[in-house]
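# Close look at the chain arrangement
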Amino acid sequence: MKQKQTNLLAIFDSHTPYLAFRLNALHREIEARGLSDRLHLEIVLIGAEEKSYGWEGEGLQSFYDAKLHVLSDQFRGLGMRSFLHRSVPGCLWRLFKRLIRLRPKVTFVGGYDRPESILTTLLTRLWGGKTGVWNDSKFNDAESYGKSIWIELIKSLMVARYAFYLCPGHDSVEYHRFLGGRKKLALSDSWDVVDNEGIGKAAGDNAHDSEIRETLGLKEEARFFFMPVRFIAKKNVNRVLTAYAAYHKRQGEASLPLVICGKGPLEDAIRRQVDDLQIGAHVNLVPWLAYERVPRACRLSQALILASTHDQWGMIVNEALAAGAPVLVSNRCGAHEVVRNHINGFTFDPYDVEHISALLAIMTQDQPLIDRLRENAAASVESFSIDQWLGNHFAVLEHYGILVPAPNDQSSTSTTDPVAGSNTPDRQPAP
């Protein structure tokens, strides 16, 4: 007798290459394990595209192996105001019909505060479904609004409605357990992974080096500090520029150029600061680099800089390390958890301009250290990869009895430890 398929559903804001990579890996792993007759995965995107990052929204089904449904042309954004957006009623109605037809047993949603996520976790309870959150929020991110006891109480009421939490690191796991309940399943290494292997291969391809250097405004063979960011306040570009100016004053002609790559509302203010500091000849402000060129740009750089005053994760850190580049990362970014001082990079206080400047000098002068950081970079994220991500997603299915753990299945141990599989490296003090 043929066993009835169990439906799985993934709901996310909009298309990104990262999402497509992860969900295609999940779909293919289901096939590789011979579970296609038992598990059926479908995907829902709230919007075809999202303005902040500019991923194209045309012909999306071709990017995904599983069946795709799109609720609207464009994701409406985050925050409480998004609940009042004119697209919400139509999106909720279309999602309601999809949920009733599919009746998913397990649903993974991106973010706990979307109207679509809230509808899903409430509705799927009617047939015993379990809805969990992919999310990287943590205690000190303050992404949409400041933290207060009342805001945290409201968030707790929302987060507690979900059955499980899939997070990138320890900080995020602890925050979700704080909000939603310490007895609930919460797994790290379960979000914000990138295609480490593919990035490593792209980083080793030198066919487009001239194009990359021309786009970034660099001379042949020149090393540089690489800072691909949105030009918004939390990315802390102003303090990095101040730190760079001090570094350049001390290093003189030995200083390396700084390439800041991106766009955003603070671009004019950033350009004015560059002029005021008289570092325009050494700082290049350029538009976004094509996504497929970023790994090679990281490999060509001296180090990647992510200096955010708050950031839930920062996947560019994963990408840089997978590409073989050292990283300088703010300790307010979730991705600080994959950085080991003196091993693959350094962490720093984003408000400490003097420390940032000192790290730039170290990453210019100490060649044996730089060589060691580069050599260790790619290996340092092997334990934060699609393999752990897949293992934890199958652990969720085992936890709820949809799959029976294989006798030798190591991933099944995650169901007994709410933070199993977390990647928490030993830390050494930064200089």
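If you're wondering where the values come from, they're calculated on a predicted model, not measured in any experiment. (Residues numbered from 1 in each chain as written. Predicted model: local features only at pLDDT ≥ 70, side-chain atom pairs only at ≥ 80, totals over all residues. Heavy atoms only, no water.)

### Some details on the overall build of the protein chain
Broken down by element type, the protein chain carries 14 helices and 13 strands. Classification of the 431 residues of the protein chain by burial places 56% in the buried group. In the protein chain, once contacts between residues fewer than 6 apart in sequence are set aside, the share between residues at least 24 apart is 73%. For the protein chain, the accessible surface area stands at approximately 18900 Å², while carbon and sulfur atoms represent 52% of it. (Helix = DSSP H or I, 4+ residues; strand = E, 2+ residues; numbered from the N terminus. Buried < 20%, exposed > 50% of the residue type's maximum accessible area, 1.4 Å probe, protein only. Contact = heavy atoms within 4.5 Å. Areas by Shrake-Rupley, 256 points an atom, 1.4 Å probe, with all protein chains shown as cover.)

### Quick look at helix 4 (residues 149–159)
Side chains three or four residues apart in an α-helix point the same way, a direct result of the helix having 3.6 residues per turn. Within helix 4, the full set of buried residues consists of Glu152, Lys155, Ser156, Met158 and Val159. Buried residues along helix 4 cover an arc of 160° about the axis, so they all sit on one side. When the buried face of helix 4 is taken as reference, the exposed residues oriented beyond 90 degrees from it are Ile149, Trp150 and Leu157. (Arc of directions from axis to C-beta.)

### Details of the pattern of salt bridges
Applying the stated criterion across every chain yields a total of 14 salt bridges. Across the pair Arg177 and Glu174 runs a salt bridge whose closest N-O atoms are separated by 3.2 Å. Of this pair, Arg177 and Glu174 both sit in helix 5 (residues 170–180), separated by 3 residues, roughly a single helical turn. Note that Asp311 and Lys235 form a salt bridge whose closest N and O atoms lie 2.7 Å from each other. Placement of the pair is Asp311 in the loop between strand 11 (303–306) and helix 11 (315–322) and Lys235 in the loop between strand 8 (225–228) and helix 8 (237–251), with a sequence separation of 76 residues. Note on Asp311: relative accessible area 7%, which makes it buried. Residue Lys235 is classed as buried on the basis of its relative accessible area, which comes to 10%. (Salt bridge = Lys/Arg side-chain N within 4 Å of Asp/Glu carboxyl O.)

### Comments concerning the environment of Ser301
Structurally, Ser301 is set in the loop between helix 10 (294–300) and strand 11. For the pair Ser301 and Pro257, spaced 44 residues apart in the sequence, the C-alpha separation amounts to 9.9 Å. Contacts of Ser301, omitting those with residues within four sequence positions, involve Arg223, Phe224, Phe226, Ala325 and Arg374.

### Examining the environment of Glu221
Examined against the element boundaries, Glu221 turns out to sit in the loop between helix 7 (209–216) and strand 8. On the basis of relative accessibility, which here comes to 67%, the residue Glu221 falls in the exposed class. Residues Glu221 and Ser210, spaced 11 residues apart in sequence, show a C-alpha to C-alpha distance of 9.8 Å.

### Details of the pairing of strand 9 (residues 258–261)
The alternating pattern of strand 9 places Leu258 and Ile260 on one face and Val259 and Cys261 on the opposite face, and all of these are buried. Here strand 8 runs beside strand 9; their pairing, made up of 4 bridges, is parallel. Residue Phe226 lies in a different strand from strand 9, and its bridge partner there is Val259. Read as a crossover between parallel neighbours, the route from strand 8 over helix 8 to strand 9 is right-handed. Two strands pair when backbone bridges link them, and strand 9 and strand 10 (residues 283–286) are joined in this way by 4 bridges, in the parallel orientation. (Pairing = 2+ DSSP bridges. Right-handed = clockwise from strand over helix to strand, strands pointing away.)

### Observations regarding a nonpolar patch on the surface
Together, Ile149, Trp150, Leu153 and Leu157 line one region of the surface with nonpolar side chains, adding up to about 510 Å² of accessible area. If you trace the backbone, Trp150 turns up in helix 4. Its relative accessible area of 64% is what places Trp150 among the exposed residues. (Patch = residues over 30% accessible without salt bridge, like charges linked within 9 Å, V, L, I, M, F, W, Y side chains within 5 Å.)

### Here we look at the nonpolar core
With 106 residues, the main nonpolar core has Trp134, Leu216, Phe226, Leu258, Ile260 and Val317 as its most contacted residues. Filtering out sequence-adjacent residues up to four positions away, Leu258 remains in contact with Phe225, Met227, Val240, Leu241, Tyr244, His282, Val283, Asn284 and Ile305. Of all hydrophobic cores here, the second largest spans 24 residues; its members include Cys91, Leu95, Tyr112 and Leu179. (Core = buried A, V, L, I, M, F, W, Y, C linked by side-chain atoms within 4.5 Å.)

### A closer look at unusual backbone geometry
Even without being a glycine, Asn236 presents a positive backbone phi close to 65°. Looking at the element boundaries, Asn236 is found in the loop between strand 8 and helix 8. With a relative accessible area of 0%, Asn236 lands in the buried category. For Gln278, which is not a glycine, the phi torsion comes out positive at approximately 60°. One can find Gln278 in the loop between helix 9 (267–277) and strand 10.

### A look at the side chain of Ser172
Within the secondary structure, Ser172 is located in helix 5. One polar contact links the side chain of Ser172 to the main-chain carbonyl oxygen of Asn135, over a distance of 3.4 Å. Of note is the side chain of Ser172, whose polar atom sits 2.9 Å from the backbone oxygen of Ser137. Not counting the four nearest positions on each side in its chain, Ser172 is found in contact with Asn135, Asp136, Ser137, Lys138 and Cys167. (Polar contact = N/O pair within 3.5 Å; in protein donor to acceptor, adjacent residues only side chain to side chain.)

### A look at a positive patch on the surface
A surface patch of like charges, here positive, comprises Lys105, Arg125, Lys130 and Arg161. In this structure, Lys105 sits in the loop between helix 2 (88–102) and strand 4 (106–110). Residue classification places Lys105 among the partly exposed residues on the basis of a relative accessible area of 35%. (Lys, Arg positive; Asp, Glu negative; His and termini not counted. Charge placed at Lys NZ, Arg CZ, Asp CG, Glu CD.)

### Considering the side chain of Ser301
Note on Ser301: relative accessible area 0%, which makes it buried. A distance of 2.6 Å separates a polar side-chain atom of Ser301 from the backbone oxygen of Cys298.

### Remarks on the packing of aromatic side chains
Under the definition given, this model contains 15 aromatic pairs. Measuring from ring centre to ring centre gives 4.9 Å for Trp134 and Trp191, while their planes differ by 5°; the resulting arrangement is stacked. With Trp134 in strand 5 (residues 130–134) and Trp191 in the loop between strand 7 (185–187) and helix 6 (196–203), this pair connects stretches of sequence that are 57 residues apart. By relative accessible area, which is 1% here, Trp134 ends up buried. The structure contains a cluster of three or more aromatic residues connected by ring pairs, namely Phe12, Phe108, Trp134, Phe164, Trp191, Trp389 and Tyr400. (Phe/Tyr/Trp six-rings, centres within 6.5 Å; stacked < 30°, edge-to-face > 60°.)

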